[in-house]
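Report on the structure
Residues per chain are reported as follows:
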Amino acid sequence: MSCYAFEQGKTSNATRLHKGMYAELRARYHLPSQLACSVERQVAATYKGLWTKLKKNSEHRRQKITKKRFKGLDQPPHYRSPTVQYTYERDYTFQCDSRVSIGTLNGRISLPYQGYDRHTALIEHGARMGDAKLWYDRLKKHFYLLVSLEIDIPEPPPQRLNEVVGVDVGIRYLAVTATSTGKATFSPGKRTRHKANHYARLRKRLQQKGTRGATRRLRRIEQRERRLEAQANHRIAKQIVTQHPHALIGLENLTDIRERKKRKKRKRKKNGKGYEPVSPKARKANRVYSQWSFAELQALISYKAALAGSLAIKVDADYTSKACPMCGHTADENRPRKGLLFVCQNPRCGYTLHADLIGARNVAMRTLLVRHDWIRTGCLSIIPDASDREAKAARLQRYAELRWSPDVTTSLRSLSGGH
C-alpha cells in the first residue's frame, strides 16, 4: 500500500487509495473489509504528515532558517511497528462483563480484558472512546489494546489559578520549576542520562557485531531505552502537577526549535582542506539532545495538568537562559562556557544564580504576564505565534521590561497598567 501511494504521486487521498488497492488488499492478504479500510486510512495519514513536514521545511528554506532538505518523501515509508489501528464501533467494541469484541483475519472474536481502575472510571463518567492500537509484546507474548479517551474539561477561569509556575527543560536537569513566589524544584537527569548512554553504547556494539546472537539481543533491548525515557517523563510530569495544584504552568515553546536556532559551522582546517571532525564529546551531546523527547514531557504535563484542574500554556523560549531577570541584560557571555552558572555581565548588576533556575524564572515571569493579559482582555493564547516576526518582536520587548523581585506580582501589575 505504501509503495502504491508512492507510485501514485505520493498521494495522501484515502479515497484514491481505496479505489486502487481495496480489491487487491482483500484478495492478496485476505483482510476483512474494515481492516482493509484501516490500512488505507493509516497510509493516507502517514503521507499527509510527510507532506506537512515537507511544506514546512520548504518555507524554512525559503526564509533561510535552515539549509537542510526534508528527505522523508524520497522513498516509500516502511512500517516496522507490530501494531494494528482499530476504529471504535467498527473494528472493536466493548461488551458486558469486561469483554471486548475485536476484528481479526478470521472474523470477530470476543476476549476478556483487564483495565486500569482509573481509566475505567473515566469511561463510566462519560469519557468518549476513540481509535485504538493493538500492540503485541513479543517478550511477554501478550496483546495490549491501547484505547484513546476523549474527555471534555472546561477551561478554568484565571481567578481559580492561584499559582504561576515556569518549567525549564534540559539534559543536566530534565526539568526545573520556579514559582512567582520564589520556590524552586530540580529534577536531575544524571542517572537517567547514564542509563540512556549505556543502552546507546550497547546498541552500537551489537550492531557492529552483526551476529545472530547480537540480533536477538538487540530485539530484547530495543524498547528499553524508550521505556526508560517515557517512565522518567511520566514521573517528572506527575511530580510537577502534584506539587502545584490549580496553577497556570508555563512551558517553553520548543516547536521547530532545531530549525529556528542557527547552528555553528565546523571550523575549517588550517590547510584549508575540509573541516575539522566533530569531537566524540560533541557527538555524544548531540545524540543526547536529539534523542530525549522534551515534547513528550510537555505533552504529559499539559494533559495531567488539565485532569488536576490546572492549565498549561506555552511562552516564547528565546533568551530564557541568557536574560538576567534582575536587570534585563541579555548576552551569551552571561553563561560562561555555557555552564550551569549564570553570571550577569552588567557591571551594575552582577547577579549570579543557577542557569536552569534563571530560565525557569524567566518562563514564570512571562507566564505571569500572559495571565495578567488574560484577566485584562479575557482572551488567552495557549501557544504564541512564532511565524509573525513583528508580533514576536513586540512580545520579546515586553519580556525585556520584566524584572524579578520578591513581589513579582506587584511589578507586573504596574507594568500592565494597574490591572
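If you're wondering where the values come from, they're calculated on a predicted model, not measured in any experiment. (Residues numbered from 1 in each chain as written. Predicted model: local features only at pLDDT ≥ 70, side-chain atom pairs only at ≥ 80, totals over all residues. Heavy atoms only, no water.)

Let's talk about helix α11 (residues 355-377)
For α11, built from 23 residues, the straight-helix expectation of 33 Å at 1.5 Å per residue is met to within 8% by its first-to-last C-alpha distance of 33 Å. For α11, the tally of buried residues reaches 20 of 23 residues, placing the bulk of the element in the interior. Gly378, located one to two residues past α11, shows a positive phi value of around 80 degrees. (Helix = DSSP H or I, 4+ residues; strand = E, 2+ residues; numbered from the N terminus. Expected span 1.5 Å × (residues − 1). Buried < 20%, exposed > 50% of the residue type's maximum accessible area, 1.4 Å probe, protein only.)

Concerning the packing of aromatic side chains
In this structure the tally under the stated criterion is six aromatic pairs. Their ring planes at 85 degrees and their centres at 5.8 Å tell us that Tyr92 and Phe94 sit as a pair that is edge-to-face. Judged by its relative accessible area of 0%, Tyr92 is buried. Aromatic pair Tyr173 and Phe186: ring centres 5.3 Å apart, planes at 65 degrees, arrangement edge-to-face. On the criterion of sequence distance, the pair formed by Tyr173 in strand β8 (residues 173-179) and Phe186 in strand β9 (residues 184-188) is long-range, its members being 13 residues apart. Tyr173 sits in the partly exposed class, given a relative accessible area of 22%. Pairwise contacts between aromatic rings join Tyr88, Tyr92, Phe94 and Tyr113 into one cluster. (Phe/Tyr/Trp six-rings, centres within 6.5 Å; stacked < 30°, edge-to-face > 60°.)

Description of the sheet that holds strand β6 (residues 142-150)
Ordered in space as β1-β5-β6, the three strands form an open sheet in which the pairing is antiparallel. Of all the strands in the sheet, just β1 (83-86) and β6 have a single pairing partner and so form its edges. This sheet shows a mean twist of 20 degrees between the axes of neighbouring strands, independent of strand direction. With eight bridges joining them, strand β5 (residues 128-137) and β6 adopt antiparallel strand pairing. Across the sheet, residue Tyr136 finds its bridge partner in β6, namely Phe143. (Pairing = 2+ DSSP bridges. Axes fitted to C-alpha atoms, helices over the stretch in contact; angles between N-to-C directions.)

These values are about where atoms sit, not about what they do.
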